[in-house]
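# Per-entry structural report
Spelled out, the chains give:
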Amino acid sequence: MDAKRPIIVSGANDAYMDFLDDMLASIQDRLHEYDLGILDLGLSEESKDRIQTRKKDTKIVDPGWRHQPGDMSKQPSYKKAYYAKPFLPEIFPSYPGYLWIDADVWLQDSSAIEHYITAADKSPGKGAIAYECHPNYKDIGHKPRFRIVWKFGIFPVAFRMVGRKVFRLVYDMFGDAVALQHGLTPDNNSGLFFIHADSPAWDAWRNYMSKANHQNFMKRNYFPDQTCLNVALRENNICFSVMPPIYNWVVGLGVPLLDKDTHTLLDSCAPHQKLYAIHLTGDCGSRTFNLQTTDGRQVNTSLKRSQFLLSK
């Protein structure tokens, strides 16, 4: 280990191994420059061998349940990742910084790694992360729903209609007052970030994970790590460098543009910059998309890296 260089961290189970392999392939040319850590969320020996084929000295660690808001024995092992992210400095100690990349993210340009690190160096809070905010993004969770506002957690005092997914998540985890204050702004996406080891964000993140109500997450697929990180940063006035959406393009929120000549994915808004990171949230990795091309046509293609490259 070279303590002077950061570590790149991700995590997967066997079901996500193909995605993880795509992500690692997209940064293969940079793996000799960084240490690599993988959270074992249910990996077979065969999958571990595939990872170590990419980088022999990869540190593969079962993170366990770093935070247990309830009985986790019946929870699927992949959910360990949500509770492990705030504890990366403990899981992989002695590194100066941590670049987390979700397994369903792949880099179209691996120089994004240095861009995140450089941006974090210049931020007061010593971190860099991208907003889920773009003119062509949609809130895929925008469905009118109602929540009961409880007084003292005993009796209902009001009904509140909540539409934006962010608001609903903050409401469920922290209540009405916090949702009104922080649930109406764009989320920082916790699928790709760089945070220095000495950033105050780590303690704040863990603190708000412990404060949150995790009941809904225990019942279904939820994203407690992202919601808690956003509330922790805002409540504690911790300022990260905000990366533009081309550094973490969330396909579930907006479809990119395709440069037909170079087979490069671009920002759908002018001046159509190259996308550095493609984030295949939800079922986006198993779907095909009708992409508008720079010459005004349409191309039907998968955006999963290995399949997208074959479609040239």
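Please refer to the structure higher up on the page.
Please read these numbers as outputs of a predicted model, since none were measured by experiment.

The rules behind each value
- Residues numbered from 1 in each chain as written.
- Predicted model: local features only at pLDDT ≥ 70, side-chain atom pairs only at ≥ 80, totals over all residues.
- Heavy atoms only, no water.
- Axes fitted to C-alpha atoms, helices over the stretch in contact; angles between N-to-C directions.
- Helix = DSSP H or I, 4+ residues; strand = E, 2+ residues; numbered from the N terminus.
- Parallel < 35°, antiparallel > 145°, perpendicular 65-115°, else oblique.
- Left-handed = near helix turned anticlockwise from the far one by under 90°.
- Contact = heavy atoms within 4.5 Å.
- Pairing = 2+ DSSP bridges.
- Nonpolar A, V, L, I, M, F, W, Y, C, P; charged D, E, K, R; others polar.
- Phe/Tyr/Trp six-rings, centres within 6.5 Å; stacked < 30°, edge-to-face > 60°.
- Lys NZ or Arg CZ within 6 Å of the ring centre and 35° of its normal.

The N-to-C vectors of helix α8 (residues 201-211) and helix α10 (residues 224-235) enclose an angle of 120°; their axes lie 8 Å apart at closest approach. As summarised for this structure, α8 and α10 are arranged oblique, according to the angle between their axes. For the crossing formed where α8 meets α10, the hand is right-handed. Counting all contacts with α8, which are made through Ala201, Ala204, Trp205, Tyr208 and Met209, the residues of α10 involved are Pro224, Asp225, Cys228, Leu229, Val231, Ala232, Leu233 and Glu235.

Sheet strands pair by backbone hydrogen bonding; their relative direction is either parallel or antiparallel. An order of β3-β2-β1-β4-β9-β6-β10 is seen for the seven strands of this open sheet, with the pairing classed as mixed. With partners counted over all chains shown, the strands left at the sheet margins are β3 (59-61) and β10 (241-243), one partner each. Ignoring which end each strand starts from, the neighbouring axes of this sheet average 25° apart. Where strand β1 (residues 7-12) meets strand β4 (residues 97-101), three bridges bridge the pair, whose relative direction is parallel. By the bridge assignment for β4, Ile7 is matched with Tyr98. Seen against the sheet, α10 touches β6 (127-131) and β9 (188-196) and runs at an angle of roughly 60° to β9.

Further remarks concern the packing of helix α6 (residues 165-174) against α10. Relative placement of two packed helices is described by the angle separating their axes and the distance separating the axes. In the contact formed by α6 and α10, the axes pass within 10 Å of each other and the chain directions differ by 85°. Looking at the two axes, α6 sits roughly perpendicular to α10. Contact residues: Leu169, Val170, Met173 and Phe174 in α6; Pro224, Thr227, Cys228 and Val231 in α10. Each residue belonging to the contact of α6 with α10 can be placed in one class, and the counts come to seven nonpolar, one polar and no charged.

Turning our eyes to something else, we now look at the packing of aromatic side chains. What the rule picks out here adds up to eleven aromatic pairs. The ring of Phe87 has Arg206 lying over it, and the distance from NZ or CZ to the ring centre is 5.5 Å. Across from the ring centre of Tyr208, 4.5 Å away, lies the NZ or CZ of Lys211, which sits over that ring.

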